[in-house]
Amino acid sequence: MSTRAARPAPRPPEGTPPPAELARQARAVLAGAARLARWADGAAGTLRAGPDGALPPDAVSRAAAALGLTPRKVRVDWDRARLAGLVELHDGIARPGWRLRAWDRDDTAVLRGWVALFDAWSLALPIPAGAGPTIVAEVVEAVPQLLSLLHLSAGPVRLPVLLDMLDQRVAELRTERCEVPSGHAPAADGAGATGTASDAAGASLAELLGWALDALLAVGALVPPDGAPEGSHEGGHHGPEARLTPLGNWSVWVKLEQICVAAQSPAGHIEQSAEAMLRGCARLTPGPARAEYRAWLAARSVGAAVEELLTVARGEDALLRGLAFEALRAVGAPAEPAVRAAADEPGLRPYALLWLVEHEGGDPESAPDVLTREESTWLWVDTAAAVADHGETQLLVRHLDSAVQGSVPRLLEEVRAVGHPRTVQVLVALAAAHPDPALAKAVRRAAFQVHTGGA
């Protein structure tokens, strides 16, 4: 059991616009990216990007002419479209991302697309000349603390205050790594191991702070100094103070809330592997289990968490396979590409197809309409294996009622043909649990036939 003290999640900032208004603002920031993505979609799978994902010069020229844009604007919008998931590259060929399909009808997809752009703010503008990778990485790591200050201030913060906080945070990062801050040679007696980090090799922290603020302004997270619409200052040019836009304020609040949720993991699973977390959740009712999934996910990057859950789903434990997809439901839209790819794996296909149907607003209970007869039978056996391993015998008997075949003889015939690796064990367990001697005998006979390869 975790010994962490629970902390209340932060409340939404006062005056935060409703989701529909936030989505409208996000669409405004990404309007150019969405327009370019639709133009690329019209290329019908013939638009090929360069090795670095950038549009080649001829494609830039064609897009500029078709859309009435400058080549620079085309390149900016292309980068935004890729970062926001409006465009995806498959073997170098540009294809519309799922968010583009949902752009006009799904506010959540739009907000997630903007958050993806916001998270990639450090790619929005070139780094200052002469700034080395180490100091840039330190500034990127320190920016969340600056954003938290802007969020908590609920108003403009002057640059000297932000620079002082950046200076302190970079110095802390270097102290944690036992490094000597740039510009401070160690004294002979070991003094000088701490101090200001303002002087960075090749670029000052003031220059790097300006770069960070310009990049955040470019992605629509900061209010432009002249009051122009959010996201319109693609080249930056911040003013003497910084203030978060409603989108930026909302996004920082969401991230702070996720941190608080992770800190409140009620069953203490957030530091465990996906397999250990899922095994712990197997003992919980659905509500507490979902709280654990969310806490575990909040403490990890989405990509790593999804891959770890799918790795568990590929294992031999059918119960964990089902729970892994329950946890993936807590991930939501960011898991869609990986789940869609998992649908090509026979052992995961039924779970993945049901996940996708539910994600797209369908009814997961209508399995016959979603899965083939063979896939439904495979899923029945897999679920029965989970019940046999972890449940009560009466649950296994009741599981018979969920079979799509409608009769036990037909079920046994199709179960024998489906080729699930746990078929024999499931049938043996069912025969041992069923109170009807005649039915139990038929099930045992089917188990023997599967085991021996007989007809």
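Use the structure listed above.
Residues numbered from 1 in each chain as written. Predicted model: local features only at pLDDT ≥ 70, side-chain atom pairs only at ≥ 80, totals over all residues. Heavy atoms only, no water.

Attention now goes to the overall build of the protein. A tally of helices and strands in the protein yields 22 helices and four strands. Counting all 455 residues of the protein, 44% fall into the buried class. Taking the intrachain contacts of the protein between residues at least 6 apart in sequence as the baseline, contacts between residues at least 24 apart amount to 64%. Of the accessible surface of the protein, which amounts to about 22100 Å², a share of 55% is contributed by carbon and sulfur atoms. (Helix = DSSP H or I, 4+ residues; strand = E, 2+ residues; numbered from the N terminus. Buried < 20%, exposed > 50% of the residue type's maximum accessible area, 1.4 Å probe, protein only. Contact = heavy atoms within 4.5 Å. Areas by Shrake-Rupley, 256 points an atom, 1.4 Å probe, with all protein chains shown as cover.)

Below, the discussion takes up helix H1 (residues 19-29). The set of residues buried in H1 consists of Leu-22, Ala-23, Gln-25, Ala-26 and Val-29. All buried residues of H1 lie within an arc of 160 degrees about the axis, which places them on one face of the element. (Arc of directions from axis to C-beta.)

With that settled, consider the packing of aromatic side chains. One pass over the full model with this rule turns up three aromatic pairs. Seen in terms of ring centroids, Trp-114 and Phe-118 are 5.1 Å apart; in terms of plane orientation they differ by 10 degrees. Their pairing is stacked. On the criterion of helical spacing, the pair formed by Trp-114 and Phe-118 is a turn pair, its members being four residues apart in helix H6 (residues 107-119). Of the two residues examined, Trp-114 and Phe-118, each falls in the buried class. Relative to Tyr-351, the ring of Phe-325 lies with its centre 5.6 Å away and its plane at 20 degrees, an arrangement referred to as stacked. (Phe/Tyr/Trp six-rings, centres within 6.5 Å; stacked < 30°, edge-to-face > 60°.)

Further remarks concern the pairing of strand E1 (residues 87-90). Across four bridges, E1 lies against strand E2 (residues 93-96) in antiparallel orientation. By the bridge assignment, His-90 is partnered in E2 with Ile-93. Linking E1 back to E2 in an antiparallel pair, the connection comprises two residues, with Asp-91 at a positive phi of about 55 degrees. (Pairing = 2+ DSSP bridges.)

What follows concerns empty space enclosed by the protein. If you roll a probe as big as a water molecule over the atoms, it shows you where there is empty space left. Applying the stated criterion across every chain yields a total of one cavity of 30 Å³ or more. In this structure, the largest cavity occupies an estimated 40 Å³ of space. Lining the largest cavity are Val-143, Leu-146, Leu-147, Leu-150, Leu-162, Leu-209, Ala-212, Leu-213 and Leu-216. Of all the secondary structure elements, the ones that give two or more residues to the lining of the largest cavity are helix H7 (133-153) and helix H9 (205-218). When grouped by side-chain class, the residues that make up the lining of the largest cavity number nine nonpolar, no polar and no charged. (1 Å grid on protein atoms, 1.4 Å probe; cavity = no way out; pocket = protein on both sides within 12 Å on 5 of 7 lines; lining within 4 Å. Points joined across faces, edges and corners; volume = space filled by probe spheres on them. Nonpolar A, V, L, I, M, F, W, Y, C, P; charged D, E, K, R; others polar.)

Following both chains from N to C, one finds helix H18 (residues 373-390) and helix H21 (residues 423-433) inclined at 60 degrees, their axes separated by 9 Å at the closest point. Judged by the inter-axis angle, H18 sits oblique to H21. Crossing hand, H18 versus H21: left-handed. Contacts between H18 and H21 involve Trp-380, Val-381, Ala-384, Ala-385 and Ala-388 from the first element and Thr-423, Val-426, Ala-429 and Leu-430 from the second. (Axes fitted to C-alpha atoms, helices over the stretch in contact; angles between N-to-C directions. Parallel < 35°, antiparallel > 145°, perpendicular 65-115°, else oblique. Left-handed = near helix turned anticlockwise from the far one by under 90°.)

From the geometry alone we can't say anything about function, so treat these as descriptive.
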